[in-house]
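Single-letter residue listing:
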Amino acid sequence: MTMISRFALMLTLVAFPGLAFASDPQEISWDLLSPPAEEMIDDPFKSLTSGQIDVLRSILRLETRAEANDDADARAEAAALRGEMAAQGLDVDALFAARLVIMEHVQRAYTAVNEDIVGSPVRMPGYLLPLEFDGRRVVEFLLVPTVGACIHTPPPAPNQIVHVLYPDGIEVDGLYTPVWISGVMTAQQSVQNVGYVDGQAPVSVSYSMQPVLVEEYGG
């Protein structure tokens, strides 16, 4: 295919997105939104006792307080605990460095997308959590895997949420209407504000979609 032909095809799909569904979309489940597992990293905390982990927490808390408030007593207490850990053959600085590496690893696993489905036409089920209405019709929402997600329970991992813009809108009754969405999956990191009775809370999202079709589950 020539460069001109590719460009013409791209214009056609943008102007008529339904043509992207010349073949049936792939029906996917939520587990496919997570990328293949990364290689496991060393976790030195597995070999520690609960008491040693509690001491590490105390050191971190004391040193944070000492730095924030120039607290000499907290600094001295942290130094004494470091001495106890060193006597047990444990390197506190190395353990704190490993903690940061593990936290970064977990964060990547929670936010990374599955490139195998990005840019592909898919159909998937989920629960509709409204973000914006046009009259009685929901035109923007989060698709989440479980009832109560983001409001009654902690938010799922960002790569287990899809931010959906659907200008045609769909009428729903209440929160968490089960639906099917069909469209091309896009990788797009964003933060969406979810409304609560007493305010709003930010929810991180890794995917987005402007579906060609939203239908109630079973429809």
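So, a few notes on the structure that sits alongside this text. Worth saying up front: this structure is predicted, and the values here are computed from it rather than measured.

**What about the overall build of the protein chain?**
Consideration 1: Scanning the protein chain from terminus to terminus reveals 4 helices and 8 strands.
Consideration 2: Reading the secondary structure of the protein chain in the N-to-C direction produces α-β-α-α-α-β-β-β-β-β-β-β.
Consideration 3: Relative to its full complement of 219 residues, the protein chain shows a buried share of 37%.

**Quick word on the packing of aromatic side chains**
Consideration 1: Applying the stated criterion across every chain, the model contains 1 aromatic pair.
Consideration 2: One Lys or Arg, R123, reaches over the ring of W180 and ends 3.9 Å from the middle of that ring.

**Concerning unusual backbone geometry**
Consideration 1: Its identity is not glycine, yet D70 carries a phi of approximately 50 degrees, on the positive side.
Consideration 2: Examined against the element boundaries, D70 turns out to sit in the loop between α2 (50-69) and α3 (72-87).
Consideration 3: Accessibility expressed as a relative area gives 61% for D70, which makes it exposed.
Consideration 4: In this structure, C150 is a non-glycine residue whose phi angle is positive, near 80 degrees.
Consideration 5: Among the structural elements, C150 can be located in the loop between β3 (137-144) and β4 (162-171).

Rules and cut-offs
- Residues numbered from 1 in each chain as written.
- Predicted model: local features only at pLDDT ≥ 70, side-chain atom pairs only at ≥ 80, totals over all residues.
- Heavy atoms only, no water.
- Helix = DSSP H or I, 4+ residues; strand = E, 2+ residues; numbered from the N terminus.
- Buried < 20%, exposed > 50% of the residue type's maximum accessible area, 1.4 Å probe, protein only.
- Phe/Tyr/Trp six-rings, centres within 6.5 Å; stacked < 30°, edge-to-face > 60°.
- Lys NZ or Arg CZ within 6 Å of the ring centre and 35° of its normal.

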